[in-house]
Amino acid sequence: MSDTYDFRAELLAVIPNLRAFAMSLVGAADKADDLVQETLVRAWDKRSSFTPGTNLKGWLFTILRNEFYSQMRKRKREVSDPEGAMAEKLSSHPEQVGRLDMEDFKKAVNQLPEDQREALILVGASGFSYEEAAEICDCAVGTIKSRVSRARTQLAAILKLEGDGEFGPDAVAVGVMNLTSSSAA
């Protein structure tokens, strides 16, 4: 660009025209101002592609119009959720506690005798039936059932679990999850 051409001054001089055009497109002052701002940012970023002496106003109006249509296409793909109902349904149990619980569980499983660990993993984690696990381990079905039962009992002792209520989300997380689901109703 030429040293005598003041792109910034020319850009600032066109702002009232850009704002009027943006108002005609969107109909709301705040949205029009956002559209003008985005246009100015894009124009400033691409100022090296503008040729001094050509129609700056036309170039800026083209950028504004293209930005407007890009935003309209984007809005068509978005789902409106003014009440936040959809967002509330996306709540989930925090991962931090679950990760720590999983680390404790892995350590506890590794403390089990090998035969119990193998049986528990085959039946509990891999989804094999007792019969299939017995066939894989080359032992009786009753032996697999016994190993799985002893492994579960020993895991509960290692992890200091006293009942079913200690599995899954803790009381605080359950309370938060219930609160968000009941407020959505």
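Cut-offs used in this document
- The residue count restarts for each chain, going from 1 along the sequence in the order it is written.
- In keeping with the predicted nature of the model, local features appear solely for residues at pLDDT of at least 70, side-chain atom pairs appear and are counted solely at 80 or more, and the whole-chain, interface and lining totals rest on all residues.
- To obtain the side-chain values, all non-hydrogen atoms of the structure were used and water was disregarded.
- Residues enter a nonpolar core if they are buried and are Ala, Val, Leu, Ile, Met, Phe, Trp, Tyr or Cys, with the set joined through side-chain atoms within 4.5 Å.
- Three exposure classes are used, based on accessible area relative to the maximum for each residue type with a 1.4 Å probe and protein chains only: buried under 20%, partly exposed in between, and exposed over 50%.
- Here a helix means four or more residues in a row that DSSP labels H or I, a strand means two or more in a row labelled E, and each is numbered from the N terminus.
- Contacts are assigned to residue pairs that have any heavy atoms within 4.5 Å of one another.
- Only C-alpha atoms enter the line fits that serve as axes; for helices the fit covers just the stretch in contact. Angles between N-to-C directions range over 0 to 180 degrees.
- Less than a right angle of anticlockwise turn of the near helix away from the far helix marks a crossing as left-handed, whereas a clockwise turn marks it as right-handed.
- Patch membership requires more than 30% relative accessible area and the absence of a salt bridge. Residues of like charge join within 9 Å; the nonpolar side chains Val, Leu, Ile, Met, Phe, Trp and Tyr join within 5 Å.
- The protein chains shown are the only cover counted for residues, whose accessible areas, like all others here, come from Shrake-Rupley with a 1.4 Å probe.
- Throughout this description, the term salt bridge denotes a Lys or Arg side-chain nitrogen within 4 Å of a carboxyl oxygen of Asp or Glu.
- We score Asp and Glu as negative and Lys and Arg as positive, and we do not count His or the chain ends.
- Taken as the charge centre is NZ of Lys, CZ of Arg, CG of Asp or CD of Glu, depending on the residue.

### Comments concerning the nonpolar core
And then number 1: Residues Leu-11, Leu-18, Ala-22, Val-36, Leu-60 and Leu-64 are the most contacted members of the largest nonpolar core, which totals 16 residues.
And then number 2: Mapped by element, the contributors of at least two residues to this core are helix H1 (7-26), helix H2 (29-45) and helix H3 (56-77).
And then number 3: In this structure Ala-22 touches Gly-27, Ala-32, Leu-35, Val-36 and Leu-64, once residues within four positions along its chain are discounted.
And then number 4: In terms of nonpolar packing, the next biggest core, distinct from the first, is built from 14 residues, Leu-122, Cys-137, Val-148 and Leu-155 among them.

### Overview of the packing of H1 against H2
A packed helix pair is summarised by two numbers, namely the angle formed by the two axes and the spacing between the axes.
And then number 1: Contact pair H1 / H2: the axes reach a minimum separation of 8 Å and the direction vectors enclose 145°. Of the two possible hands of crossing, H1 and H2 adopt the one that is right-handed. Across the interface between the two elements, Phe-7, Arg-8, Leu-11, Ile-15, Leu-18, Arg-19, Ala-22, Met-23, Leu-25 and Val-26 from H1 touch Ala-29, Lys-31, Ala-32, Asp-33, Leu-35, Val-36, Leu-40, Ala-43 and Trp-44 from H2.

### Let's talk about unusual backbone geometry
And then number 1: The phi torsion at Asp-138 lies on the positive side, around 55°, for a residue other than glycine.
And then number 2: Within the element layout of this structure, Asp-138 appears in the loop between helix H7 (130-137) and helix H8 (141-158).
And then number 3: By relative accessible area, Asp-138 is classed as exposed at 71%.
And then number 4: Positioned with a positive phi, Lys-160 is a non-glycine residue whose angle comes to about 55°.
And then number 5: Within the fold, Lys-160 resides in the loop between H8 and helix H9 (171-184).
And then number 6: Judged by relative accessible area, which is 65%, Lys-160 ranks as exposed.

### Some remarks on a positive patch on the surface
And then number 1: A cluster of basic residues, Lys-31, Arg-73, Lys-74, Arg-75, Lys-76 and Arg-77, forms a positive patch on the protein surface.
And then number 2: Among the elements that make up the positive patch, the one with the highest residue count is H3 (5 residues).
And then number 3: Owing to a relative accessible area of 72%, Lys-76 belongs among the exposed residues under this scheme.

### Description of the pattern of salt bridges
And then number 1: Scanning the entire structure with this criterion turns up 5 salt bridges.
And then number 2: In this structure, the salt-bridge partner of Glu-103 is Lys-106, at a minimum N-O distance of 4.0 Å. Linking Glu-103 with Lys-106, this pair stays in helix H5 (residues 95-111), spanning 3 residues, or about one helical turn.
And then number 3: Residue Glu-103 is classed as partly exposed on the basis of its relative accessible area, which comes to 40%.
And then number 4: Beyond isolated ion pairs, a larger network of salt bridges with shared partners links Glu-38, Arg-42 and Glu-67.

### A few points about the environment of Arg-8
And then number 1: Turning to its location among the elements, Arg-8 is positioned in helix H1.
And then number 2: For the pair Arg-8 and Arg-47, spaced 39 residues apart in the sequence, the C-alpha separation amounts to 9.5 Å.

Interpretation note: all reported values are geometric properties and have no functional meaning in isolation.
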